[in-house]
Amino acid sequence: MYCRDPAVLARLSRRMRWYRKIVNVFPIFVLCGFAFGFISCGGHLCRKNLGVFDLLWVVPLVLAAFFLGLPAVILSGLFRNGRLKCPCCGEAFTGFWTLVVPKECASCGFSLVSEHRKGDF
Ligand SMILES: [Zn+2]
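Residues numbered from 1 in each chain as written. Predicted model: local features only at pLDDT ≥ 70, side-chain atom pairs only at ≥ 80, totals over all residues.

**Notes on helix H1 (residues 6-41)**
The criterion, for reference: Helical segments are the DSSP runs of H or I of at least four residues, strand segments are the runs of E of at least two, and each set is numbered from the N terminus. In this analysis, the expected span of each helix is defined as 1.5 Å times one less than the number of residues it contains. Two axes enter the definition of the bend at a residue: one is fitted to the seven residues ending there, the other to the seven starting there, and the bend is the angle between them. To assign burial, the other C-beta atoms lying within 10 Å of each residue's own C-beta are counted, with C-beta atoms placed from the backbone; 20 or more indicates buried, 12 or fewer indicates exposed, and intermediate counts indicate partly exposed.
Given a rise of 1.5 Å per residue, 36 residues ought to cover 52 Å, and the 51 Å separating the end C-alpha atoms of H1 matches this to within 8%. The sharpest bend along H1 comes to roughly 30°, located at Val-25, with the proline Pro-27 sitting one to four residues further on. Along H1, the residues that are buried comprise Ser-13, Met-16, Tyr-19, Arg-20, Val-23, Phe-26 and Gly-33.

**A short note on the packing of H1 against helix H2 (residues 52-81)**
Keep this limit in mind: A fitted line through C-alpha atoms serves as each axis, taken over the contacting stretch for helices, and the angle formed by two N-to-C directions is quoted from 0 to 180°. We call two directions roughly parallel when the angle between them is under 35 degrees, roughly antiparallel when it is over 145, roughly perpendicular when it lies between 65 and 115, and oblique otherwise. In this scheme, a crossing is called left-handed if the near helix is turned counterclockwise away from the far one by less than a right angle; it is called right-handed if the turn is clockwise. Ten residues, namely Ala, Val, Leu, Ile, Met, Phe, Trp, Tyr, Cys and Pro, are considered nonpolar, four, namely Asp, Glu, Lys and Arg, are considered charged, and the remaining ones, Gly among them, are considered polar.
H2 packs onto H1 with a crossing angle of 150° between their chain directions and a minimal axis gap of 7 Å. Classified by the angle their axes make, H1 and H2 are roughly antiparallel. When you trace H1 past H2, the crossing you get is left-handed. When grouped by side-chain class, the residues that make up the contact of H1 with H2 number 19 nonpolar, five polar and one charged.

Below is the structure:
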């Protein structure tokens, strides 16, 4: 049973877009933190005090861990277990073995960005 009400689809898609952004942005944020850590530590890995440049990667990493980490892990689990359903078809939005949450539903092709299915006008 496909939902075709644009108001309902827009409301549910907006929420799913936010969930998708949180899940997909968190690994990029952490990887940037590790990259800055690798760059700033360079040749002296055992420094005790942090410099000004080190704050550029410590602050985003700590903020990501506290404010994005727990919701990202929970939402990623909900996506992978199929608890978060497609707003259009009601099936699981994505499969278990996905690295990032795609913008289109795995079963019906409904796009969270355009709020249409493939072939719909
Ligand atoms: Zn779907």
